[in-house]
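A look at the structure
Below, each chain spelled out in residue letters.
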Amino acid sequence: MKRKYFGTDGIRGQSNVFPMTPDLAMRVGIAVGTIFRNGAHRHRVVIGKDTRLSGYMLENALVAGFTAAGLDVFLLGPIPTPGVAMLTRSLRADVGVMISASHNPFEDNGIKLFGPDGYKLSDEIEAQIEDLLEKDMTAQLAKSQEIGRAKRVEGDIYRYIEHAKRTLPRDVTLQGLRVAIDCANGAAYKVAPLALWELGADVVTIGNEPNGVNINLECGSTHPAALSRKVHEVRADIGIALDGDADRVLIVDENGTVIDGDQLMAVIANSWADDGVLKGNGIVATVMSNLGLERYLNGRGLDLHRTKVGDRYVVEHMRQHGFNVGGEQSGHLVLSDFGTTGDGLVAALQILACVKRQGKTVSEVCHRFDPVPQVLKNVRVSAGMPLENAAVRQAIADAESELAKNGRLLIRPSGTEPLIRVMAEGDDRAQVERIVDDLISVIGGVRNVA
């Protein structure tokens, strides 16, 4: 069934434009409350948010919906997405909500939903919610005496801080490290610098003055140049760049060089394998992770399992097959020993532990492999199914044959735009660029093919 509201990570869109309107947010609260209102106990929901201006609007609308459905609401205020997932379990809530559009600009916002186990909702439950949203839910409203209550519990962010701190190995302290952190003017602007300072680091913070419209604005993991400059300016040992809801992280080394999620997964996998705690004899990543990562892991006798793009698919594969390390090239790292979703702060602490234990610079610790040249280009399609065209299929087969064991080809339709993404990687950059350009030309030349 084609979904009207939910994408790969909850409901997302431009604020005050359908579907991200207060009316829909209230209806989501009623629908979700109806589904999770099981049993005779007093039901509760926790709601966190990032620092977007529209967060106030959507938060109040969700509160109206959940209380109308008879659930008590605990408002956490600004807190990272992994904090909401953790507190949903810790507070024995029936459901958790994060109001955020992650790394998107402030104009966008979203609603991410977590079940009582702290994991994002399944496709089946999202389908149930969509079904209810299309119906009259008047009969689902709570009786007058059963309407829920709402209260702010901002102090509970310190539970998340303590949780994050406990993930750092006990034999490691951050004393002696100068850490620059960019909080993207987002959800972690309070908790991340405080956690690092309490663990002993000398902390220099940027991106910690949110005003409702500057989240992710030329800062954070999507714009790490600001952090690179700060690392140079204060001669920091390491830079940590989070995104707006702090479920992603990129690292900047002492030279100002940005280190992506593939390298970070390699560092953690290597360390955990040495400690004997890596599960599944490998890690889970998406089809976009660099071939260099796969080769590095294979050289260590470890496996790389690939999924479709999207952290939910990574987490799903990890749960089904018993892995405890997974993530995306973008820096969305999932360490299931510590949490149920991506956690930028916790992932950064694991990198810091490796740096301290090895007694080396960040550039030495975090350069595990040389990335294979990777080229990604998009071709816009107006209609039809060009990937079913015989000439296109032959061109793809020829490209795959040419790359053979020296590279990799990935062609996939965009899930959000009328685009086909063509990605190739291999040891010869000129060859890779030529293959991508040739495929773009062939695909772009096909029109209205049924």
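Residues numbered from 1 in each chain as written. Predicted model: local features only at pLDDT ≥ 70, side-chain atom pairs only at ≥ 80, totals over all residues. Heavy atoms only, no water.

**Remarks on the overall build of the protein**
Selection rule: Comment: elements are numbered from the N terminus, with helices defined as DSSP H or I runs of at least four residues and strands as E runs of at least two. Here the radius of gyration uses the C-alpha set of atoms, whereas the globule reference equals 2.2 Å times the residue count to the power 0.38. Buried residues are those whose accessible area, probed at 1.4 Å on protein chains only, stays under 20% of the maximum for their type, while exposed residues exceed 50% and partly exposed ones sit between those limits.
Across its full length, the protein carries 14 helices and 19 strands. For 450 residues, the compact-globule estimate of 2.2 N^0.38 gives 22 Å, and the C-alpha radius of gyration of the protein, at 23 Å, lies within 12% of that figure. With the principal axes as the frame, the protein shows a C-alpha extent of 70 × 65 × 40 Å. Every one of the 450 residues in the protein was classed for burial, and the buried ones make up 58%.

**What about helix α11 (residues 344-358)?**
Put simply, the rule is: Helix span, expected: 1.5 Å multiplied by one less than the number of residues in the helix. We call two N or O atoms a polar contact when they sit within 3.5 Å, provided that within protein one can donate a hydrogen and the other can accept it, with sequence-adjacent residues counted only if both atoms are side-chain atoms.
With 15 residues, α11 should reach 21 Å at 1.5 Å per residue; the first-to-last C-alpha distance of 21 Å fits that figure. Counting buried positions along α11 gives 12 out of 15 residues, so the element sits mostly inside the fold. Buried within α11 we find Gly344, Leu345, Val346, Ala347, Ala348, Leu349, Gln350, Ile351, Leu352, Ala353, Cys354 and Val355. With a side-chain oxygen lying 3.2 Å from the backbone nitrogen of Leu345, the N-terminal cap of α11 falls on Asp343.

**Concerning the pattern of salt bridges**
Threshold: Just to be clear on terms, a salt bridge is a Lys or Arg side-chain nitrogen sitting within 4 Å of an Asp or Glu carboxyl oxygen.
Summed over all chains, the structure comprises 34 salt bridges. Between Lys120 and Asp311 there is a salt bridge, with its nearest N and O atoms 3.0 Å apart. Highlighted residues: Lys120 in the loop between β6 (108-114) and α4 (123-133) and Asp311 in helix α10 (residues 311-321), separated in sequence by 191 residues. A salt bridge links Asp131 to Lys135, with the shortest nitrogen-to-oxygen separation between them at 3.0 Å. Judged by its relative accessible area of 40%, Asp131 falls in the partly exposed class.

**With respect to the sheet that holds strand β19 (residues 419-426)**
We count it as follows: Note: two strands are recorded as paired if DSSP finds a minimum of 2 bridges between them. Only the stretch in contact is used when a helix axis is fitted, and all axes are lines through C-alpha atoms; the angle between N-to-C directions ranges over 0 to 180 degrees. Contacts are assigned to residue pairs that have any heavy atoms within 4.5 Å of one another.
In space, the three strands of this open sheet follow the order β17-β19-β18, with antiparallel pairing throughout. Here the strands that pair on one side only, and so sit at the sheet edges, are β17 (374-380) and β18 (407-413). On average, adjacent strands in this sheet sit at an angle of 15° to one another, irrespective of strand direction. In this structure, β18 lies alongside β19, joined through seven bridges in antiparallel fashion. In the sheet register, Gly407 faces β19, and the bridge partner there is Gly426. In this fold helix α13 (residues 390-403) packs onto β18 and β19, with an angle of close to 155° to the strand it touches most, β18.

**What to know about α4**
We count it as follows: Think of it as the arc spanned by the lines of direction from the helix axis to the C-beta atoms.
For α4, the full list of buried residues reads Glu126, Ile129, Glu130, Leu132 and Leu133. Down the axis of α4, the buried side of the element spans an arc of 165°, and every buried residue falls inside it.

**Overview of the side chain of Arg52**
When you line up the elements, Arg52 lands in the loop between β3 (44-49) and α2 (55-68). By relative accessible area, which is 1% here, Arg52 ends up buried. Side-chain polar atoms of Arg52 contact the backbone oxygen of Ser102, separated by 2.8 Å. Within polar-contact distance, the side chain of Arg52 engages the backbone oxygen of Asn104 at 3.1 Å. Among all residues touching Arg52, those that are not within four sequence positions of it are Ser100, Ala101, Ser102, His103, Asn104, Pro105, Phe106, Asp108, Asn109, Gly212, Ile215 and Asn216.

**Some thoughts on empty space enclosed by the protein**
The condition that has to hold: Using a grid of 1 Å spacing that covers the protein atoms alone, one calls a set of points a cavity when a 1.4 Å probe fits there but cannot get out, and a pocket when the set is open and has protein on both sides within 12 Å along at least five of seven lines; lining residues are those with an atom within 4 Å of a point. Grid points are joined across faces, edges and corners, and a volume is the space filled by probe spheres set on the points. Three classes are used, and their members are as follows: Ala, Val, Leu, Ile, Met, Phe, Trp, Tyr, Cys and Pro are nonpolar, Asp, Glu, Lys and Arg are charged, and the others, Gly among them, are polar.
Throughout the structure, instances matching the rule amount to three cavities of 30 Å³ or more. In this structure, the largest cavity spans a volume of roughly 120 Å³. In this structure, the largest cavity is lined by 14 residues; those nearest its centre are Phe338, Gly339, Thr340, Thr341 and Asp343. The set of elements that each furnish at least two residues to the lining of the largest cavity consists of α3 (81-90), β16 (333-335) and α11. In terms of residue count, the dominant contributor to the lining of the largest cavity is α3 (four residues). Of the residues that constitute the lining of the largest cavity, the class distribution is eight nonpolar, four polar and two charged.

**A few points about the packing of aromatic side chains**
The cut-off we apply is this: Any two rings among Phe, Tyr and Trp, with Trp reduced to its six-membered ring, count as a pair given centres within 6.5 Å; such a pair is stacked if its planes are under 30 degrees apart, edge-to-face if over 60, and tilted if neither.
In the structure shown here, the tally under the stated rule is three aromatic pairs. When the ring of Tyr5 is compared with that of Phe18, the centres are 5.8 Å apart and the planes differ by 65°; the resulting orientation is edge-to-face. Of this pair, Tyr5 sits in the segment before β1 (6-7) while Phe18 sits in the loop between β2 (10-14) and α1 (22-36), and the two are 13 residues apart along the sequence. What makes Tyr5 buried here is its relative accessible area of 8%. When the centroid spacing of 6.4 Å and the interplanar angle of 35° are considered together, the rings of Tyr296 and Phe369 count as tilted. Here Tyr296 is found in helix α9 (residues 291-299), whereas its partner Phe369 is found in the loop between α12 (362-366) and β17, with 73 residues between them in sequence. Assigned by exposure class, Tyr296 and Phe369 land together as buried.

**Digging into the pairing of strand β8 (residues 178-182)**
This is how it is decided: When the strands point away from the viewer and the connection leading from the first strand across the helix to the second strand turns clockwise, the crossover is called right-handed.
Burial runs high along β8: four of the five residues are buried. Two strands pair when backbone bridges link them, and β8 and strand β9 (residues 202-206) are joined in this way by five bridges, in the parallel orientation. Following the sheet pairing, Ile181 is matched in β9 by Thr205. Each parallel crossover has a hand, and the one from β8 via helix α6 (residues 191-198) to β9 is right-handed. As paired elements, β8 and strand β10 (residues 238-242) share four bridges and run parallel to each other.

**Describing the sheet that holds strand β5 (residues 95-99)**
Taken together, the seven strands give an open sheet; going across it, the order is β1-β2-β6-β5-β3-β4-β7, and neighbouring strands pair in mixed fashion. Lying at the two open borders of the sheet, with one neighbouring strand each, are β1 and β7 (150-152).

**Points about the layout of surface pockets**
By volume, the second largest pocket is sized at about 400 Å³. Lys120, Leu121, Ser122, Glu316 and Arg319 are the residues nearest the centre of the second largest pocket, which is lined by 17 residues in total. Put simply, the parts of the chain that give the lining of the second largest pocket at least two residues each are α4 and α10. Ranked by residue count, the leading element in the lining of the second largest pocket is α10, at six residues. Taken together, the residues that form the lining of the second largest pocket break down as four nonpolar, five polar and eight charged.

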